[in-house]
Amino acid sequence: MDNNVKAVIEKRIERVGENLKRNNMEFYFAPTKDDVADIVKKLIPKGSTVTNGGTMTMKECGLPELLASPDYNYLDRSKMTPEEVAELYIKAFSADVFISSTNAVTEDGVLYNVDGNSNRIAAIAFGPKSVIIIAGYNKIVRDLDEAADRVKTIAAPANCLRLDCDTYCKEKGECMSISDDGRQYTDGCGSDARICCNYLISAKQRHKGRIKVILVGEELGY
């Protein structure tokens, strides 16, 4: 990456970080994905029970290998049966640490997330003692309108392709509502496989420091 572009990106990340802190979330900056594991390691006490939502970013940062250490009780959903995963969704509420990415983070320090099963947004909102959010700079958007558009044009279509969901966005590469005038955030297809079912906006937090956001100076995830 060109150094001048890198400097501009890092300045934007720093501005977002200051606004996250104003919203009572902790902020950490990782210049590259290779720096994320060291930050996460400092945020998770040894002996902690840890689990995660569905997140491509976490894999890109090599966190499953870190969490497989005997230092942690890692509830790894990738090694569970569908029945065990369904039970894990409930157990996540009592975990010490929940790790996830976010669909978008606005310049004024607000997290925007959309889910199908909604275990991820449920755990972000309530339950686990500590929530660690990891996001590449590509997740930064100007405002909630841009956040909604990002889900409709990038996150949802890419995830529907990954999960092989029979939806309009999987076939067309964008939500069917993206070109509608005056659309609402919740507009979309009527497919039973739809993954845009519940919506979470995390703004000013009552429990200071419970949510910790690591912004990375690279493009990561969907």
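Residues numbered from 1 in each chain as written. Predicted model: local features only at pLDDT ≥ 70, side-chain atom pairs only at ≥ 80, totals over all residues. Heavy atoms only, no water.

Considering the overall build of the chain
Now for step 1: When its secondary structure is counted, the chain shows 8 helices and 10 strands.
Now for step 2: Considered along the principal axes of its C-alpha atoms, the chain spans approximately 50 × 50 × 35 Å.
Now for step 3: Considering the chain as a whole, with its 222 residues, one finds that 48% of them fall into the buried category.
Now for step 4: A sequence separation of at least 24 residues applies to 75% of the contacts in the chain between residues at least 6 apart.
Now for step 5: Where the 30 positive side-chain charges of the chain centre and where its 33 negative ones centre are 6 Å apart. (Helix = DSSP H or I, 4+ residues; strand = E, 2+ residues; numbered from the N terminus. Buried < 20%, exposed > 50% of the residue type's maximum accessible area, 1.4 Å probe, protein only. Contact = heavy atoms within 4.5 Å. Lys, Arg positive; Asp, Glu negative; His and termini not counted. Charge placed at Lys NZ, Arg CZ, Asp CG, Glu CD.)

Regarding the pattern of salt bridges
Now for step 1: According to the stated counting rule, one finds 6 salt bridges in the structure shown.
Now for step 2: Among the salt bridges present, the one from E107 reaches R12, with a minimum N-O distance of 2.8 Å. Within this pair, whereas E107 is found in the loop between β5 (104-106) and β6 (111-115), its partner R12 is found in helix α1 (residues 3-22), the two being separated by 95 residues in sequence.
Now for step 3: Taking the shortest distance from any N to any O, the salt bridge between D164 and K170 comes out at 2.5 Å. (Salt bridge = Lys/Arg side-chain N within 4 Å of Asp/Glu carboxyl O.)

Some words on the side chain of K152
Now for step 1: By the secondary structure assignment, K152 is in helix α7 (residues 144-163).
Now for step 2: Of the side chains with opposite charge, D187 comes closest to the buried, unpaired K152, at an N-O distance of 6.1 Å.

Observations concerning the sheet that holds strand β8 (residues 140-141)
Through backbone hydrogen bonds, the strands of a sheet pair up, either in parallel or in antiparallel fashion.
Now for step 1: Reading across the sheet, the 4 strands line up as β8-β5-β6-β9 and stay open at both edges, with mixed pairing between neighbours. The outermost strands of the open sheet, each flanked by one partner alone, are β8 and β9 (198-202).
Now for step 2: Sheet topology note: the β5/β6 ladder contains 2 bridges and is antiparallel. From the neighbouring strand, V105 faces β6, where its bridge partner is L111.
Now for step 3: Together, β5, β6, β8 and β9 form the strand contacts of α7, whose direction differs from that of β6 by roughly 30°. (Pairing = 2+ DSSP bridges. Axes fitted to C-alpha atoms, helices over the stretch in contact; angles between N-to-C directions.)

Considering α7
Now for step 1: Along α7, the largest kink reaches about 45° and is centred on V151.
Now for step 2: When α7 is considered as a whole, its buried residues turn out to be A147, A148, R150, V151, K152, A155, A156, P157, N159 and C160.
Now for step 3: Turning to α7, the residues buried within the fold contact β5, β6, β8 and α8 (168-172).
Now for step 4: Sitting at the amino-terminal end of α7 is D143, which places a side-chain oxygen 3.2 Å from the backbone nitrogen of D145.
Now for step 5: Residue D164 follows α7 closely and has a positive phi angle near 55°. (Bend = angle between axes of the 7 residues up to and from the residue. Polar contact = N/O pair within 3.5 Å; in protein donor to acceptor, adjacent residues only side chain to side chain.)

Points about α1
Now for step 1: Relative to the 28 Å expected for 20 residues at 1.5 Å per residue, α1 spans 29 Å between its end C-alpha atoms, a close match to the ideal helical length.
Now for step 2: Taken together, the buried positions of α1 are occupied by I9, I13, V16, G17 and L20. All buried residues of α1 lie within an arc of 110° about the axis, which places them on one face of the element. Opposite the buried face of α1, by more than 90 degrees, sit the exposed residues N4, V8, K11 and R22.
Now for step 3: Its buried side turned inward, α1 meets β1 (26-30), β5, β6, β8 and β10 (211-216).
Now for step 4: Its side-chain oxygen 2.8 Å from the backbone nitrogen of N4, D2 forms the N-cap of α1.
Now for step 5: Positive backbone phi, approximately 70°, marks N24, located one or two places after α1. (Expected span 1.5 Å × (residues − 1). Arc of directions from axis to C-beta.)

Digging into a nonpolar patch on the surface
Now for step 1: On the surface, I90, F93 and F126 cluster together into a nonpolar patch covering about 340 Å² of accessible area.
Now for step 2: Checked against the element boundaries, F126 lands in the loop between α6 (119-125) and β7 (130-136).
Now for step 3: Overall, the relative accessible area of 61% leaves F126 in the exposed class. (Patch = residues over 30% accessible without salt bridge, like charges linked within 9 Å, V, L, I, M, F, W, Y side chains within 5 Å. Areas by Shrake-Rupley, 256 points an atom, 1.4 Å probe, with all protein chains shown as cover.)

So, the side chain of R120
Now for step 1: Here R120 lies in helix α6.
Now for step 2: Among the polar contacts listed, one links the side chain of R120 to the backbone oxygen of V114, at a separation of 3.0 Å.
Now for step 3: Engagement of the side chain of R120 in a polar contact is seen with the side chain of D115, the distance being 2.6 Å.

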